Amino acid sequence: QVQLVESGGGLVQAGGSLRLSCAASGRTFGRYNMGWFRQAPGKEREFVAAIRWSGGSTDYVDSVRGRFTISRDNAKNTVYLQMNSLKPEDTAVYYCTAGPARARVTVLPIEYDYWGQGTQVTVSS
């Protein structure tokens, strides 16, 4: 069982930056691939970024590639999402998620087993 708690969301102007953190409980954090998804009002949950259990492989949705960076610190049981050059269309609730450690990360929400409660990110124009 893994519990995930996100933090770092807030209100920021377009062009600004935020860093989301996701703290995980348990001693097996290093055995999970981790991901970030987001959901805007009236829209489906969308894959944002993922990182392999070892940190050696990452993936991003095209709309954030080059602006967002996912990273992890297994010693601190924490995964991060650094978000730069934020745009109003990045406004959403951002969710941290954990899934089985596989060779390749996945963009499918069904492949992830544990989810946090989410943190709101609002980007004003």
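Above this text sits the structure in question.
Q: How do you make sense of the overall build of the protein when you look at a structure like this?
A: Check the secondary structure of the protein and you find zero helices and eleven strands. Counting from the amino terminus, helix and strand elements in the protein follow one another as β-β-β-β-β-β-β-β-β-β-β. Computed over the C-alpha atoms, the radius of gyration of the protein is 13 Å, within 12% of the 14 Å expected from 2.2 N^0.38 for a compact globule of 125 residues. Considering only C-alpha atoms, the protein reaches an extent of 40 × 25 × 25 Å along its principal axes. Out of the 125 residues in the protein, the part that is buried amounts to 43%. Considering only contacts in the protein between residues 6 or more positions apart, those separated by 24 or more positions represent 60%. Of the charged side chains in the protein, 14 are positive and 10 negative; the average position of the first set lies 7 Å away from that of the second.

Q: Teacher, can you tell me more about the state of the cysteines here?
A: Covalent bonding between the sulfur atoms of two cysteines is what defines a disulfide. Taken as a whole, this structure holds one disulfide when the rule is applied. A sulfur-sulfur distance of 2.1 Å marks the disulfide that ties Cys22 to Cys96. On the sign convention where negative is left-handed, the bridge of Cys22 and Cys96, at about -80° about the S-S bond, is left-handed. Highlighted residues: Cys22 in strand E3 (residues 18-24) and Cys96 in strand E9 (residues 92-100), separated in sequence by 74 residues. Each of the two residues, Cys22 as well as Cys96, counts as buried.

Q: For this particular structure, what's the right way to read a nonpolar patch on the surface?
A: Residues Val107, Leu108 and Ile110 make up a contiguous nonpolar surface patch of about 300 Å² in total accessible area. As for its placement among the helices and strands, Ile110 is situated in the loop between E9 and strand E10 (114-115).

Q: Would you mind going over the pairing of strand E4 (residues 32-39) with me for this structure?
A: Walk down a regular strand and you will see the side chains alternate between the two sheet faces. The buried fraction of E4 is high, at seven of eight residues. Alignment of E4 against E9, held across eight bridges, turns out to be antiparallel. Bridge pairing in E9 places Asn33 opposite Gly99. Across five bridges, the pairing between E4 and strand E5 (residues 46-51) is antiparallel. Residue Arg38 lies in a different strand from E5, and its bridge partner there is Glu46. Following E4, the chain reverses through six residues before pairing antiparallel with E5; Gly42 in that reversal takes a positive phi of roughly 80°.

Q: Even after reading the chapter, I still don't get the environment of Thr97, so can you show me in this structure?
A: In this fold, Thr97 is placed in strand E9. When the C-alpha positions of Thr97 and Gln117 are compared, they lie 9.7 Å apart, and in sequence the two are 20 residues distant. At a separation of 2.7 Å, a polar atom in the side chain of Thr97 contacts the main-chain carbonyl oxygen of Tyr114.

Q: Where do I start with the pattern of salt bridges in this structure?
A: Scanning the entire structure with this criterion turns up six salt bridges. Across the pair Asp62 and Arg65 runs a salt bridge, and its minimum N-O distance is 3.2 Å. Given the relative accessible area of 45%, Arg65 is considered partly exposed. Residues participating in the shared-partner salt-bridge network are Arg38, Glu46, Arg67 and Asp90.

Rules of the game
Residues numbered from 1 in each chain as written. Predicted model: local features only at pLDDT ≥ 70, side-chain atom pairs only at ≥ 80, totals over all residues. Heavy atoms only, no water. Helix = DSSP H or I, 4+ residues; strand = E, 2+ residues; numbered from the N terminus. Rg over C-alpha atoms; globule rule 2.2 N^0.38 Å. Buried < 20%, exposed > 50% of the residue type's maximum accessible area, 1.4 Å probe, protein only. Contact = heavy atoms within 4.5 Å. Lys, Arg positive; Asp, Glu negative; His and termini not counted. Charge placed at Lys NZ, Arg CZ, Asp CG, Glu CD. Disulfide = S-S within 2.5 Å. Patch = residues over 30% accessible without salt bridge, like charges linked within 9 Å, V, L, I, M, F, W, Y side chains within 5 Å. Areas by Shrake-Rupley, 256 points an atom, 1.4 Å probe, with all protein chains shown as cover. Salt bridge = Lys/Arg side-chain N within 4 Å of Asp/Glu carboxyl O. Pairing = 2+ DSSP bridges. Polar contact = N/O pair within 3.5 Å; in protein donor to acceptor, adjacent residues only side chain to side chain.

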